[in-house]
Amino acid sequence: MNNADYWPVELHTVLSIPPATGDSLIVVTVNLQNPYARLGRVDEAAETRLADRMEGLAHLLETAAADVILCQEVGRGNGFRVDEWLAGRLGMSWVYTRANGDATRWDREEGLAILSRFPLSRPTATLLAGGLWKRPALMVWVDMPLGEVAFYTAHLSLRPWRNRRQPEALRVWVEQTAGDHPAVIGGDFNATQTAPHIAALSNGWIDAFRAVHPHAGGATHALRLFGREVRRQRIDYLFLCPGSAEIRIVDCRPLGALPNNLSDHLPLAARLTAGAR
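Quick caveat, the model's predicted, so the values are computed rather than measured.

(A) Inspection of the overall build of the protein at higher detail. Assigned secondary structure in the protein consists of eight helices and 15 strands. Evaluated residue by residue, the protein yields a buried proportion of 52% over its 277 residues. Put simply, of all contacts in the protein between residues at least 6 apart along the chain, 73% involve residues at least 24 apart. Carbon and sulfur atoms provide 51% of the accessible area of the protein, an area that totals close to 12,600 Å².

Given below as C-alpha cells:
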C-alpha cells in the first residue's frame, strides 16, 4: 500500500511550541471511545455538549503534564473535531488519520491522532486490517529532549482471528519505519498480555507497565453489561523499543477514569528518561 496515495495523514503544527529541554517526558495513550458513535443526532447543540465534556479530559492531561498523547477512536463531525479541539486546548501540534466513517459525507468518523508539545515531522500511516472496520496504525517523528523518537498509535481489532495477526504486522512496520531509532508504541490492543501474540512482542519491546509493576493487575478497561461491571482487563499498552538509545522507564500507571463517562478505557501514562536501562 502506498500510504501517501491511499491512507492520508494530516499534520498540524503549532508554532509556539517550547524548545526541547530537560531529560524526561511523559507519554499518555488513551482510547476516547469515539463519542460520535453514541450521538443519535449530530447538530451544533450536540457538538457543543461534547466540547464541554472534553474539558474534563483536557484537565486530566494537563494535570498529568503529558508531553505526547497517543489517541484512538478520535471522533470527528462536520462541525467539531476532537483532535483539533484537544490540541488547541492544550497548545499542541498533532497528526491525524481517518480509520472509519467520513465526516464530510455522514457527519461522523473516527481515527487515530498523536498530539505533542514538541515538533512533529514525517508522519505516515499503514493499514493493519481491512474489512468492515479498518484498523490503521499512525506514526510520527518527535524532536524531544531524548532526541528524535518515533511514536506510534494503533487500535487493534476486536475479532480474535483478525487481532492475533495484527501485533506482528505492527511490529514489522515499526521495525521498517523506526530502524535503529527509539520508538514508543501505544494503543488499545484489545487483547490481554497472556495472549500469545501480545506476549511475543516482549521479544523486542518493553511493556512499560509490566517493567515497573511486575505483578500488579493494571486493568485499563471495564466491560459492562446492563450497567454492571462484569470484567476488568489490561488491554491498553505503552511499549518502548529503545533501539540504540539509552532510555529508561521511570514509571507507568493508569491515570484514572475519564470525567463525564467519556470512555470505558483508562488513560495509561508513562514517564521516560535518558539513561541506561
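So that's the structure; there's more coming.
(B) A look at the sheet that holds strand 8 (residues 147-155). In spatial order, the strands read 6-7-8-9-13-10; together these six strands make up an open sheet with mixed pairing. Edge positions in the open sheet fall to strand 6 (120-129) and strand 10 (206-207), since each of these has one partner strand only. Against the sheet, helix 6 (residues 166-178) touches strand 6, strand 7 (135-144), strand 8 and strand 9 (183-188), its axis set at about 35° to strand 7.

(C) Representation of the nonpolar core within the structure. Counting 30 residues, the largest nonpolar core has Val27, Val68 and Phe151 as the members making the most contacts within it. A per-element tally of this core places strand 7 first, with four residues. For Val68, the residues in contact, after removing those within four places along its chain, are Leu25, Ile26, Val27, Val28, Ile114, Leu115, Ser116, Val142, Met144 and Phe151.

(D) Representation of the pattern of salt bridges within the structure. All told, the structure shown has ten salt bridges when counted by the stated rule. Its salt-bridge partner being Glu62, residue Arg89 comes within 2.7 Å of it at the nearest N-O pair. Separated by 27 residues along the polypeptide, Arg89 in helix 3 (residues 82-90) and Glu62 in helix 2 (residues 44-63) bring together distant segments of the chain. Given a relative accessible area of 27%, Arg89 falls into the partly exposed group. By relative accessible area, which is 41% here, Glu62 ends up partly exposed. Across the pair Arg234 and Asp207 runs a salt bridge, and its minimum N-O distance is 2.8 Å. With Arg234 in the loop between strand 12 (228-233) and strand 13 (236-241) and Asp207 in strand 10, the pair connects residues that are 27 residues apart, well separated along the chain. A relative accessible area of 7% means that Arg234 is categorised as buried.

(E) Structural view of the packing of aromatic side chains. Enumeration according to the criterion identifies five aromatic pairs in this entry. Consider the rings of Tyr237 and Phe239, whose centres lie 5.4 Å apart with planes at 20°: the pair is stacked. Looking at Tyr237, the relative accessible area reads 0%, which means it is buried. Its guanidinium or amino end placed over the ring of Tyr96, Arg76 lies 3.7 Å from that ring's centre, counting from NZ or CZ.

(F) Summary view of the environment of Asp251. Checked against the element boundaries, Asp251 lands in strand 14 (residues 247-254). Asp251 sits 42 residues away from Phe209 along the chain, and the two C-alpha atoms are 7.5 Å apart. Setting aside residues no more than four positions away along its own chain, Asp251 makes contact with Val212, His213, Ala269, Ala270 and Arg271. Reaching out from Asp251, the side chain makes a polar contact with the side chain of Arg253 at a distance of 2.9 Å.

(G) The arrangement of unusual backbone geometry in detail. With phi around 50°, Glu73 is a residue other than glycine that occupies positive phi space. Position of Glu73 among the secondary structure elements: in strand 3 (residues 68-76). Its relative accessible area of 18% is what places Glu73 among the buried residues. At Asn190, a position not held by glycine, the phi torsion is positive, near 50°. Tracing the backbone shows Asn190 in the loop between strand 9 and helix 7 (196-199).

Cut-offs applied
Residues numbered from 1 in each chain as written. Predicted model: local features only at pLDDT ≥ 70, side-chain atom pairs only at ≥ 80, totals over all residues. Heavy atoms only, no water. Helix = DSSP H or I, 4+ residues; strand = E, 2+ residues; numbered from the N terminus. Buried < 20%, exposed > 50% of the residue type's maximum accessible area, 1.4 Å probe, protein only. Contact = heavy atoms within 4.5 Å. Areas by Shrake-Rupley, 256 points an atom, 1.4 Å probe, with all protein chains shown as cover. Pairing = 2+ DSSP bridges. Axes fitted to C-alpha atoms, helices over the stretch in contact; angles between N-to-C directions. Core = buried A, V, L, I, M, F, W, Y, C linked by side-chain atoms within 4.5 Å. Salt bridge = Lys/Arg side-chain N within 4 Å of Asp/Glu carboxyl O. Phe/Tyr/Trp six-rings, centres within 6.5 Å; stacked < 30°, edge-to-face > 60°. Lys NZ or Arg CZ within 6 Å of the ring centre and 35° of its normal. Polar contact = N/O pair within 3.5 Å; in protein donor to acceptor, adjacent residues only side chain to side chain.

Worth remembering: the numbers are spatial, not functional.
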